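Chains, contacts and geometry: an overview
Each chain, letter by letter, is given below.
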Amino acid sequence: MYNKGLVITGIVIFVVFFTSPFLIGLVKSGPPPEPELSPKAKLAKQCVEAKEYMVESHMQMLNDWRNEAVREGKRIYVATDGKEYTVSLQNTCMDCHSNKSKFCDQCHNYAEVNPYCWECHIEPKEKL
Amino acid sequence: MERSRRSFLKILGISTLGLGTLSSVDLLAKAGMGKAEFAPDPKGMTGKRWALVVDVKKLDEDTTQKAIEACHLIHNVPDYGDEDNEEIKWIWTDKYEHAFPGTEHEYLAAEIEEKPFLLLCNHCANPPCVRVCPTQATWQREDGIVMMDQHRCIGCRYCMAACPFGARSFNWKDPRTTYFKDKEPPNPKYPTRTKGVVEKCNLCAERLAVGEMPACVEAVQDSKAIVFGDLEDPHSEVREVLHEHFAIRRKPELGTNPNVYYIV
Amino acid sequence: MLETALKGSKKYWILIGVLFGLHAMGATAFLYQLSKGLTVTGMSRDVSWGIYIAQFTFLVGVAASAVMVVLPYYLHNVKEFGKITILGEFLAVAAVNMCLMFILVDLGKPMRMLNVILHPTLNSILFWDMVVLNGYLFLNIIIGWMVLSAERKEVEPPKWVKPLIYLSIPWAVSIHTVTAFLYAGLPGRHFWLTAIMAARFLASAFAAGPALLILLCLIVRKVSKFDPGKEAIQKVANIVVYAMIISIFFVVLEIFTAFYSQIPGHMHGFVYTFVGLHGHANLVPWTWAFAVMAVLATLMLLCPPLRKNEKTLAISCLLVFFSLWIEKGITLVITGFIPNPFDTITEYVPTLPEIAITIGVWATGFLILTILYKVAVSVKEEIAS
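Please read these numbers as outputs of a predicted model, since none were measured by experiment. (Residues numbered from 1 in each chain as written. Chains lettered and ligands numbered in written order. Predicted model: local features only at pLDDT ≥ 70, side-chain atom pairs only at ≥ 80, totals over all residues.)

A word on the overall build of chain A. Scanning chain A for helices and strands turns up five helices and two strands. Beginning at the N terminus, the succession of helices and strands in chain A can be written as α-α-α-β-β-α-α. Relative to a compact globule of 128 residues, whose C-alpha radius of gyration would be 14 Å, chain A shows 21 Å and is clearly more extended. Along the three orthogonal principal directions, the C-alpha set of chain A runs to about 70 × 35 × 30 Å. Expressed as a percentage of its 128 residues, the buried residues of chain A come to 15%. Residue pairs in contact within chain A that sit at least 24 positions apart in sequence constitute 61% of those at least 6 positions apart. (Helix = DSSP H or I, 4+ residues; strand = E, 2+ residues; numbered from the N terminus. Rg over C-alpha atoms; globule rule 2.2 N^0.38 Å. Buried ≥ 20, exposed ≤ 12 C-beta atoms within 10 Å, placed from the backbone. Contact = placed C-beta atoms within 7 Å.)

With that out of the way, let us pick up helix α1 (residues 4-28) of chain A. Residues and elements named next belong to chain A. The terminal C-alpha atoms of α1 lie 34 Å apart, and with 25 residues this matches the ideal 36 Å at 1.5 Å per residue to within 8%. The largest bend in α1 amounts to roughly 60 degrees and is located at S20, with the proline P21 lying one to four residues further along. Of all 25 residues that make up α1, zero are buried, and the element is exposed over most of its length. (Expected span 1.5 Å × (residues − 1). Bend = angle between axes of the 7 residues up to and from the residue.)

Looking now at the sheet that holds strand β1 (residues 37-39) of chain B. Taken together, the three strands give an open sheet; going across it, the order is β2(A)-β1(A)-β1(B), and neighbouring strands pair in antiparallel fashion. Of all strands in the sheet, those with a lone pairing partner are β2 (84-86) of chain A together with β1 of chain B, marking the two edges. The sheet shows a mean angle of 30 degrees between the axes of neighbouring strands, direction not considered. Of the pairings in the sheet, the one linking strand β1 (residues 76-78) of chain A to β2 of chain A comprises three bridges and is antiparallel in character. Across the sheet, residue I76 of chain A finds its bridge partner in β2 of chain A, namely T86 of chain A. (Pairing = 2+ DSSP bridges. Axes fitted to C-alpha atoms, helices over the stretch in contact; angles between N-to-C directions.)

Turning our attention to the interface of chain B and chain C. When the parts come together, some accessible area is lost, and that loss is often what is quoted as the size of the interface. With 42 residues of chain B at the contact, the number on the chain C side is 34 residues. Where the side of chain B that touches chain C is concerned, the elements lending two or more residues are α3 (96-99), α5 (128-132), α6 (158-162) and β7 (169-170) of chain B. It is α6 of chain B that provides the largest number of residues to the side of chain B that touches chain C, a total of four residues. A per-class count over the side of chain B that touches chain C returns 18 nonpolar, 12 polar and 12 charged. (Nonpolar A, V, L, I, M, F, W, Y, C, P; charged D, E, K, R; others polar.)

So, about the environment of H243 of chain B. Residues and elements named next belong to chain B. Locating H243 in the fold gives a position in helix α9 (residues 237-244). Taking the C-beta count within 10 Å as the criterion, H243 has 8 such neighbours and is therefore assigned exposed. For the pair H243 and L12, spaced 231 residues apart in the sequence, the C-alpha separation amounts to 71 Å.

Residue and element names in this part refer to chain C. The N-to-C vectors of helix α8 (residues 197-223) and helix α13 (residues 310-336) enclose an angle of 140 degrees; their axes lie 9 Å apart at closest approach. Viewed along their axes, α8 and α13 adopt a mutual orientation that is oblique. Every pair of crossing elements has a handedness; the one defined by α8 and α13 is left-handed. Side by side, α8 and α13 meet where S204, A207, A208, A211, L212, I214, L215 and L218 of the first sit next to E310, L313, A314, C317, L318, V320, F321, L324, W325, E327 and K328 of the second. Tallied by class, residues from the contact of α8 with α13 come to 15 nonpolar, one polar and three charged. (Parallel < 35°, antiparallel > 145°, perpendicular 65-115°, else oblique. Left-handed = near helix turned anticlockwise from the far one by under 90°.)

Most contacts, when the two pairs of chains in contact are compared, are made between chains B and C. Contact between chain A and chain C is absent, and the least distance between their C-alpha atoms amounts to 12 Å.

Under the domain assignment used here, chain A contains domain 1 (1-30) and domain 2 (32-119). Taking only C-alpha atoms, the centre of domain 1 of chain A and the centre of domain 2 of chain A are 39 Å apart. (Domains from an automatic or database assignment.)

One broad trend across soluble globular proteins is that nonpolar side chains are buried collectively. Ranked by size, the top nonpolar core spans 189 residues in total, and within it A63, C99, V240 and V320 of chain C carry the most contacts. With 15 residues, the top contributor of residues to this core is helix α4 (residues 85-106) of chain C. Here V240 of chain C is in contact with A207, P210, A211, L301, C317 and V320 of chain C, once residues within four sequence places are set aside. Counting six residues, the second-largest nonpolar core is a separate cluster that includes V48, A69, Y77 and V87 of chain A. (Core = buried A, V, L, I, M, F, W, Y, C linked by C-beta atoms within 7 Å.)

With that settled, the discussion passes to the interface of chain A and chain B. Each partner contributes residues to the interface: chain A has 25 residues there, and chain B has 24 residues. Of all the secondary-structure elements, those providing two or more residues to the side of chain A that touches chain B are α3 (51-71), β1 and α4 (89-96) of chain A. Element by element, the count of residues in the side of chain A that touches chain B is highest for α3 of chain A, at eight residues. Looking at the side of chain A that touches chain B residue by residue, the class counts come to nine nonpolar, seven polar and nine charged. In terms of strand pairing, β1 of chain A meets β1 of chain B through three bridges, oriented antiparallel. When the bridges of β1 of chain B are listed, V78 of chain A appears paired with E37 of chain B.

Pasting the structure below:
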């Protein structure tokens, strides 16, 4: 192999760089997130759809909500259990989950995702 | 060595493409939600061609202020004043010579010359802004409203170049961190916008959807300075008013077919 | 073949360093713009497109100009152009890259740029602009690379390259026609609403692009052992002078229609750029600089001794390039917004971050051009020896 030393050093640097998020995670990660339900959410017992579905696919659902409400003008969502909801992140979802920093942000911060929804959609004021 | 390296890379490329297609098909399948459905609100107003008729004789500083404030407060429109010409306005006033440029002359009637004309998006029936939008972030609904989808807008501002009426505003800066930095947005039930997207009057589509009149119309309902209705309904208020009073539209020669009429 | 760009003289590496430095400056300014929004530019509600879009408009023309050497060589066997088609094609690649970068930095939400592909809108000229620009970019990369590497191996390029070359000829015309259509179909922007907009774009493109190509050929001859050929340069100069005459003629046609008809909407734009309108006259010095340089350049190019002398030819080409850079890259786009739909005037002055980003994009384009030209020239030098 030509330039064996340089090539192998390069490969090692690349592998370290590429796996660095996992390596850093091994050292730095804290406890898993514990999102806290607001009193209103606890009372409701069930979200718009089942918990497992919401945990896994709430972003897909919100995308569908967004398209149906804004683009198709259909602002009522009939859930799989037949209940009707107004299609609105700000006025439906956040009405129940009014504690963004203790609920939404918990998992989002842990997973290092930065949804930009709240750049426009006003989050409810939280009592600190 | 060369030949097998090339075929190795070819196979790698094709399998990556294949895997990519497979996983996206999987995702698409998951996005469905079983038996969930979407429906329009039964209270919502339906029409085929929404229009506004502005009775200019009934306009004055007070009425126009009421209309503008109603709209801008309900929609969290930031008020930057006119610094650097970066203002955002969905509805505003201007004089005749600027509302109908090219039609003014030296001997204009005094009343018309001083009137504050209410200007807004005309929700044209043949909208050039819709024609040029590359992402359909602005489109024409079946009821005639020219709508905005702030989620899709890429901020190219082609629609602003295309609009002959100057009805569109761009968010040159972020309203939340500038105008609304130390004050709450006035309507917590409606979003603000963020930097980089275009906005304009949406004929209060979100209010029409639950059976409410556009905010500006409601604000001046006592004087009926603005009348709202469906042009394709021969019994609507707008049709009655247009039948009885001569009305003009802005820049009709451009063929955009505006749906905002002015009784002068 | 790209490895030939990794070996160069000290001057080459200094040039790369300077261009990269300017690129980094532009990138930093762009990050600032991303965080604060486009308010850092001089654009406004009335003048909603500024120098980013204007420079893109000019550069599409420069990119299209490759066809001016490709067409004569491949369709009419003008042998002198054989040596420089690669220079034209690589210039097109660099220019189209600059176009795409200028569009990107102008977007309010550049992270959503894929929406144009995810939600194709066939009635939008901007959609088609995206299609034709990217198509032209890939065409020229593939054609240039294949032909050059075949030349290096001293064989014919593979058969499938020929149809692509033929396709690139009408495609070059299309990129500038579509870009002109961005402007020429907007009701209410009377300065742009002219049927000959696309024709004007093409004429000025075929003057400015080849003028730059001549300058690049002269530089290449000076810094390397590759000589594009005096005859090739002279033939391109002929193309430049005809294109300049037609360009100026087209502007005169516009001025006639505007001022003989006396229709205010038609006249206002020209009044604003040439003498100022209602006390607003920002662009007047620029417009006259364009006019004087354009006429002077054309006269110089018409004069055979001045055209044949490569020193005066270089000056003419600089004048052509800068005059058209002003006309297409500044005054045309800005004036379209003046007066605004309410018949009042808001003027436009680019800000420092805006200028920094613009310089950054140009530097990046020239960086790409330098690297590609280094490759082409190295290959040519290699096979000559």
